[in-house]
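This is what each chain is made of:
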Amino acid sequence: MRSRSVLIEAPAKINLRLCVLARESSGFHQIETIFCAISLADRLSVEPADGLYLHVEGAGTGSVTDNLVFRAAERFYAAWGHPPGARITLQKIIPVAAGLGGGSTDAAATLLALNRLHGHPFDRAALLTLGAELGSDVPFFLGGSPWALAWGRGERLLALPPLPRRPLVIAWPGRGTATVDAYRELDRVRGKHWPSVPLVLGPAQLDRWPALEALATNDFEPWALEAIPELQHIRARLQELGARVARLTGTGSAMFGLFDTSDAATTAVDVLAGEGWAAWAVHTLESLPAPVEMGRVGHP
């Protein structure tokens, strides 16, 4: 027998800019960030089944039921009002706990793939609502553009026109950071003093690379460089090898470096890999991947 399956890539993201503005009485933090999706991606496939199943290949992500893919699928079927019916395979490429949005992009890809598999029971607005319930970064990957200005907890988005493709390097020290630890340490260091303030950003600062490079910053970088000293070496090496911008992404622990040419990015990866670091030569995206429906031999 043959059954339909839906395939989709789940791209990672970098935060070209990440400023923590204030802490709410609820304990959550207000941020200002510029998201950019990149070609480093997990891969996900879904097909019809009796019940809900998840198989993960690659990096370990904990128990299946705690995985954001499984939780996204449960939320999809609960909102749709139908019993779960999918077998999901997730191939992990994006490092875990690296600030690259791996869990969030997988959740978004799950919602998009299931929606395609079942004939689009939800429109984009409904998917965005479901995504926001799963995590603050999830709506970005559902927003339709690989670029966005975000604020609030990261779920309030202004989609931006994509910029021309740009080579970059992702370098990872081989161990992750916990988001809760990053915010806790930032609270401790800042105390009652919160120096970051939102900028008045105009269109000219968001539609060209030189202006965006000037905006690049990350409030978590001082903490991450101290918590993982290897990052100091990685950032310095990226700069020595020609990166125009070398910054932490998210709360860490991956660094990204923006390069002028693919050859320069590839050379940087070769040098970093020769020193024992995980590194990828990738590029920024000009569009987000869409789910693709295929036929394949079904399970008995």
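Everything quoted here is computed from the prediction, not taken from an experiment. Numbers given for residues are sequential positions, taken from 1 along each chain in its written order. Selection of residues for local features in this predicted model requires a pLDDT of at least 70, selection of side-chain atom pairs for listing and counting requires 80 or more, and totals for whole chains, interfaces and linings are taken over all residues. For side-chain calculations, the full set of non-hydrogen atoms in the structure is used, while hydrogens and water are omitted.

Side note on the state of the cysteines
Two cysteine sulfurs form what is called a disulfide whenever their separation falls within 2.5 Å. On inspection of all chains with the given rule, the structure shows 0 disulfides. Note on cysteine 36: no disulfide assigned, nearest cysteine sulfur contributed by cysteine 19 at a separation of 17 Å.

Topic: the packing of aromatic side chains
Aromatic rings from Phe, Tyr and Trp, with only the six-membered ring used for Trp, were paired whenever their centres fell within 6.5 Å, and each pair was classed as stacked if the ring planes differed by under 30 degrees, edge-to-face if by over 60, and tilted otherwise. One pass over the structure, following the stated rule, counts 7 aromatic pairs. Between the aromatic rings of phenylalanine 76 and tryptophan 80, the centroid separation amounts to 5.9 Å while the plane-to-plane angle is 55°, which identifies the pairing as tilted. A residue pair is termed a helical-turn pair when its members lie 3 or 4 positions apart in one helix, as phenylalanine 76 and tryptophan 80 do in helix 1 (residues 68–80) at 4 residues. Aromatic pair tryptophan 147 and tryptophan 209: ring centres 5.3 Å apart, planes at 75°, arrangement edge-to-face. A residue pair is termed long-range when its members are at least 10 positions apart, and tryptophan 147 in strand 5 (residues 147–152) and tryptophan 209 in helix 7 (residues 209–215) qualify at 62 residues. You'll find tryptophan 147 and tryptophan 209 in the same group, each marked buried. Grouped by ring-pair contacts, the aromatic residues Phe76, Tyr77, Trp80 and Phe122 constitute a single cluster. If you follow arginine 87 out to its NZ or CZ, it ends over the ring of tyrosine 53, 5.2 Å from the centre. A positively charged side chain is recorded as over a ring if its NZ (Lys) or CZ (Arg) lies within 6 Å of the ring centre. The angle to the ring normal must also be within 35 degrees. Taking the ring centre of tryptophan 209 as reference, the NZ or CZ of arginine 166 above it sits at 4.9 Å. Helix numbers and strand numbers start at the N terminus; a helix is a DSSP run of H or I with at least 4 residues, a strand a run of E with at least 2. Burial here depends on accessible area, computed with a 1.4 Å probe over protein chains only, as a share of the maximum for the residue type. Under 20% is buried, over 50% is exposed, and the range in between is partly exposed.

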